[in-house]
Amino acid sequence: MQDKLFIDGKWVDAQSGEKFDVVDPSNREVFHRIARGGAADIDAAVTAARKAFDYGPWPRMGGAERAAILRRMGDEIEARKDELARLEVRDNGKPLPEAIWDIEDTAGCFHFYADLAEKLDQNPEQDIPLSMDGFSSKAVKEPVGVAGAVIPWNFPMLMGAWKVAPALAAGCSVVLKPSEVTSMTALEFGIVAQKAGLPDGALNIVTGFGPDAGQRLAEHPGVDKLAFTGSVPTGRRIMQTAAQDIKAITLELGGKSPLVVFEDVKIDEAVEWVLFGIFWNKGEVCSATSRVLVAEAIYPKFMERLVEEARKIRIGHGLEEGVLLGPLVNQSQQDKVLAAIERGKTEDAKMVCGGGIPKGLEHGCYVEPTIFADVSPDCWIWKEEIFGPVVCVRSFKTEEEAIRLANDSRFGLAAAVMSNDLERADRVARAFRAGIIWVNCSQPTFVEAPWGGYKQSGIGRELGEWGLNNYLETKQITSYDRSKPWGWYLKE
């Protein structure tokens, strides 16, 4: 396991010499210590990235050359899938099958952006028809420069790939700042980059805390582009900081996503998707469908089945066979989720399942799957992101009411609708004010499709071709045919 920073192709200690603990949330035990990078280390990383971009080979390579290295990175991640997944479980707490899925998606992300890097060679520029004779113009796409990437703790390696892979595909150099809560698999990108032959300085990784390392990365004048995934308050601060230098930014922030269930669905099928939509990754998912609206006609039966199935979910260490719900990421998050549950108990809502720490698992950061029924739209737990295994459910009478309640949120990351009437499902999907809409499912995510939200859920889109475009600038080059007479000022 790596414990140093990765800067300019080398593994180095933090300039302060300080380290911090890495804690296993299943038992709250320290299992490693890693370098605590600060402002000086960010400065060194940005300097290396700046040199790599301004003078190094990476941005000057053809797309096919970059693609070959990106594919090798994806292949290396795939080859180490089991090892990396187990490290992710120990660092984050998620069940092993989920971690394996995440690492597979991480490898796939690098392969996908390798393909897009090759396509940059096929269409390096676009001719622009002009209305004035004697002039020709073309639009050329170029890498934006040095990209600063700040990633969250809920999908440690995958969220890194969502930023690192498209940035490298575009020809940018990158400074990656992982969450201090889960840095272990993000550090492995450095080993992967070395084995794949990525030029020195094209990727730099600085572990450390937000107020020290993260803030300095956001404000650094040598950074051309910032990409952040995390909370709304932190995203707001990053946006304010980036505004000082008018930096390009992409923000993927919080959510309180609705899932609308109509009366014509199969109840067991709907229950399955509701469970997956909120309890996948322990509910530590920005797009989690944590507000569920159920048609009044099926509400009693639906709630009965939802509670029945939620109580069957096996909770435990992520490496244990059959476990579907691991510990929350750390003590702090467990405390926040338990406090939110206690607040919910005092509101206009009824707790019908869970609500505490599972018996026998008091040694770890566990929280039971928790369900609140008959939740008023005025409740704090209905409005605010809890980021844990807590779902709020209420009934609705009409389609119009469901849409109004679903859209009544300062967030707009995702939304879902379930109905056998596909015309109605499509109508409701188009009425949702959110960036990601699921029909008859919840949470499937594909590297080919755009990801991002409306309102306070963020700015810009990641994944797909949209993710690559985040790291490209468009330059206009216009030429004049000197054989044509001009003579604007100088007349014969």
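Only a predicted model underlies this, so the values are computations on that prediction, with no experimental measurement involved.

A. Looking closely at the overall build of the protein. The number of helices and strands found in the protein is 15 helices and 22 strands. For the protein, the C-alpha radius of gyration of 24 Å lies close to 23 Å, the compact-globule estimate for 492 residues. For the protein, the C-alpha atoms occupy an extent of roughly 90 × 55 × 40 Å along the three principal directions. Across the protein, every contact between residues at least 6 apart in sequence was considered, and the portion connecting residues at least 24 apart equals 73%. Counting only carbon and sulfur atoms, one obtains 51% of the accessible surface of the protein, whose full area is about 20600 Å². One way to put it: in the protein the 57 positive side-chain charges average out to a point 3 Å from where the 72 negative ones average out.

B. Examining a nonpolar patch on the surface more closely. On the surface, Met132, Trp486 and Trp488 cluster together into a nonpolar patch covering about 420 Å² of accessible area. With respect to the helices and strands, the residue methionine 132 is situated in the loop between β5 (125-128) and β6 (135-143).

C. Main features of the side chain of lysine 163. Topologically, lysine 163 is positioned in helix α5 (residues 156-170). Look at lysine 163 and you get buried, because its relative accessible area is 1%. What lysine 163 contacts, discounting residues up to four positions off in sequence, is Ala149, Val150, Ile151, Ala227, Phe228, Thr229, Glu462 and Tyr471.

D. Representation of the sheet that holds β5 within the structure. Spatially, the 3 strands line up as an open sheet ordered β5-β6-β22, and their pairing is antiparallel. The open sheet has two edge strands with one neighbour each: β5 and β22 (472-480). On average, adjacent strands in this sheet sit at an angle of 25 degrees to one another, irrespective of strand direction. As paired elements, β6 and β22 share 9 bridges and run antiparallel to each other. Considered in β22, the bridge of lysine 138 is made with isoleucine 477.

E. Summary view of helix α6 (residues 184-196). If you check α6, its first and last C-alpha atoms are 19 Å apart, about what 13 residues at 1.5 Å a residue would give, namely 18 Å. With 10 of 13 residues buried, α6 is to be regarded as a mostly interior element. Taken as a whole, α6 has its buried residues at Met184, Thr185, Ala186, Leu187, Glu188, Phe189, Gly190, Val192, Ala193 and Ala196. At the exit of α6 stands glycine 197, carrying a positive phi of roughly 85 degrees.

F. Fine view of the environment of glutamine 15. Note that glutamine 15 resides in the loop between β2 (10-12) and β3 (19-24). In this structure the C-alpha to C-alpha distance between glutamine 15 and alanine 39, which are 24 residues apart in sequence, comes to 9.5 Å. When neighbours within four sequence positions are excluded, glutamine 15 is seen to be in contact with Ala40, Asp41 and Ala44. Reaching out from glutamine 15, the side chain makes a polar contact with the backbone oxygen of alanine 40 at a distance of 3.3 Å.

G. Expanded view of the nonpolar core. Counting residues in hydrophobic clusters, the biggest one holds 139 residues, and the most contacted among them are Tyr113 and Phe302. For this core, the element with the most residues is helix α4 (residues 96-122), which contributes 12 residues. Membership of the second largest hydrophobic core comes to 27 residues, among which are Leu5, Ile42, Ile249 and Phe411.

H. Spotlight on the pairing of strand β18 (residues 414-418). Taking burial as the measure, the 5 residues of β18 include 5 buried ones, the bulk of the element. One ladder, built from 4 bridges, connects β18 with strand β19 (residues 436-439); its direction is parallel. Its bridge partner lying in β19, alanine 414 is registered against isoleucine 436. As for the winding sense of the linkage, the β-α-β connection from β18 through helix α14 (residues 422-431) to β19 is right-handed.

I. A look at the state of the cysteines. The full count for this structure, using the stated rule, is 0 disulfides. Free of any disulfide, cysteine 286 has its nearest cysteine sulfur in cysteine 109, 15 Å distant. Judged by its relative accessible area of 11%, cysteine 286 is buried. No disulfide involves cysteine 379; its sulfur sits 7.6 Å from that of cysteine 392, the nearest cysteine.

J. Representation of the packing of helix α1 (residues 39-54) against helix α7 (residues 210-219). Viewed as axis vectors pointing N to C, α1 and α7 meet at an angle of 40 degrees, and their least axial separation amounts to 8 Å. The angle between the axes of α1 and α7 places the two elements in the oblique class. α1 and α7 meet at a crossing whose hand is right-handed. From α1, Ala39, Ile42, Asp43 and Val46 reach across to α7, where they touch Asp212, Ala213, Arg216 and Leu217. Across the contact of α1 with α7, the residue classes break down as 5 nonpolar, no polar and 3 charged.

Cut-offs used in this document
- Residues numbered from 1 in each chain as written.
- Predicted model: local features only at pLDDT ≥ 70, side-chain atom pairs only at ≥ 80, totals over all residues.
- Heavy atoms only, no water.
- Helix = DSSP H or I, 4+ residues; strand = E, 2+ residues; numbered from the N terminus.
- Rg over C-alpha atoms; globule rule 2.2 N^0.38 Å.
- Contact = heavy atoms within 4.5 Å.
- Areas by Shrake-Rupley, 256 points an atom, 1.4 Å probe, with all protein chains shown as cover.
- Lys, Arg positive; Asp, Glu negative; His and termini not counted.
- Charge placed at Lys NZ, Arg CZ, Asp CG, Glu CD.
- Patch = residues over 30% accessible without salt bridge, like charges linked within 9 Å, V, L, I, M, F, W, Y side chains within 5 Å.
- Salt bridge = Lys/Arg side-chain N within 4 Å of Asp/Glu carboxyl O.
- Buried < 20%, exposed > 50% of the residue type's maximum accessible area, 1.4 Å probe, protein only.
- Pairing = 2+ DSSP bridges.
- Axes fitted to C-alpha atoms, helices over the stretch in contact; angles between N-to-C directions.
- Expected span 1.5 Å × (residues − 1).
- Polar contact = N/O pair within 3.5 Å; in protein donor to acceptor, adjacent residues only side chain to side chain.
- Core = buried A, V, L, I, M, F, W, Y, C linked by side-chain atoms within 4.5 Å.
- Right-handed = clockwise from strand over helix to strand, strands pointing away.
- Disulfide = S-S within 2.5 Å.
- Parallel < 35°, antiparallel > 145°, perpendicular 65-115°, else oblique.
- Left-handed = near helix turned anticlockwise from the far one by under 90°.
- Nonpolar A, V, L, I, M, F, W, Y, C, P; charged D, E, K, R; others polar.

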